[in-house]
Amino acid sequence: MNWPAVLALAAGTYLMRLSGLVLRDRMALSPRVERLLDLGATALLVALLATAALTQDGGFAGWARTGGVAAGALAAWRRVPFVLVVVLAAATTAGLRLLGVP
């Protein structure tokens, strides 16, 4: 990626964040719309997680990585400290690969 593209994306991201702060007091959103916006943000994060964690080079990343992601997600859901979530996910993936799981 070249620098003009990086700078354009950075400026766009900054302006989007700034617009939220500036417009927050000028617009009144109903609780239903706020709930839908929260759900939309969650859906985007889950989609990003799924594509980043479960695919590699345009194909399925394998069951070892999927197991590690599942173990990490379960630990995060149980509110385990973040460092332990990362260590547990990595250890699960490494253990499954050591056992020969692709």
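Every chain's residues receive numbers from 1 upward, in the order its sequence appears when written. The predicted nature of this model means local features are confined to residues of pLDDT at least 70 and side-chain atom pairs, given and counted, to a pLDDT of 80 or more, with totals for whole chains, interfaces and linings taken over all residues. The side-chain numbers reported here are obtained from all heavy atoms of the structure, hydrogens and water having been left aside.

**Q** Just checking my understanding: could you explain unusual backbone geometry for this structure?
**A** Residues other than glycine predominantly adopt negative phi, and peptide bonds predominantly adopt the trans conformation. Backbone geometry places aspartate 57, a non-glycine residue, at a positive phi of 55°. A run of H or I in DSSP counts as a helix once it spans at least four residues, and a run of E counts as a strand once it spans at least two, with each numbered from the N terminus. Here aspartate 57 lies in the loop between β1 (55-56) and β2 (59-60). You will see that arginine 79, though not glycine, has its phi angle at about 65°, which is positive. Tracing the chain through its elements places arginine 79 in the loop between α3 (63-77) and α4 (82-98).

**Q** Which parts of the structure should I look at to understand the UniProt feature "transmembrane region" (unreviewed entry) in the protein?
**A** On the UniProt side, "transmembrane region" (unreviewed entry) is annotated at positions that read residues 6-24, 36-54 and 82-100 here. Helix makes up 100% of residues 36-54 and strand 0%, and the two end C-alpha atoms of the span are 26 Å apart. With 89% helix and 0% strand, residues 82-100 has end C-alpha atoms that lie 27 Å from one another. UniProt positions are given in the numbering used here, feature names are shortened, and annotations may be inferred rather than shown by experiment.

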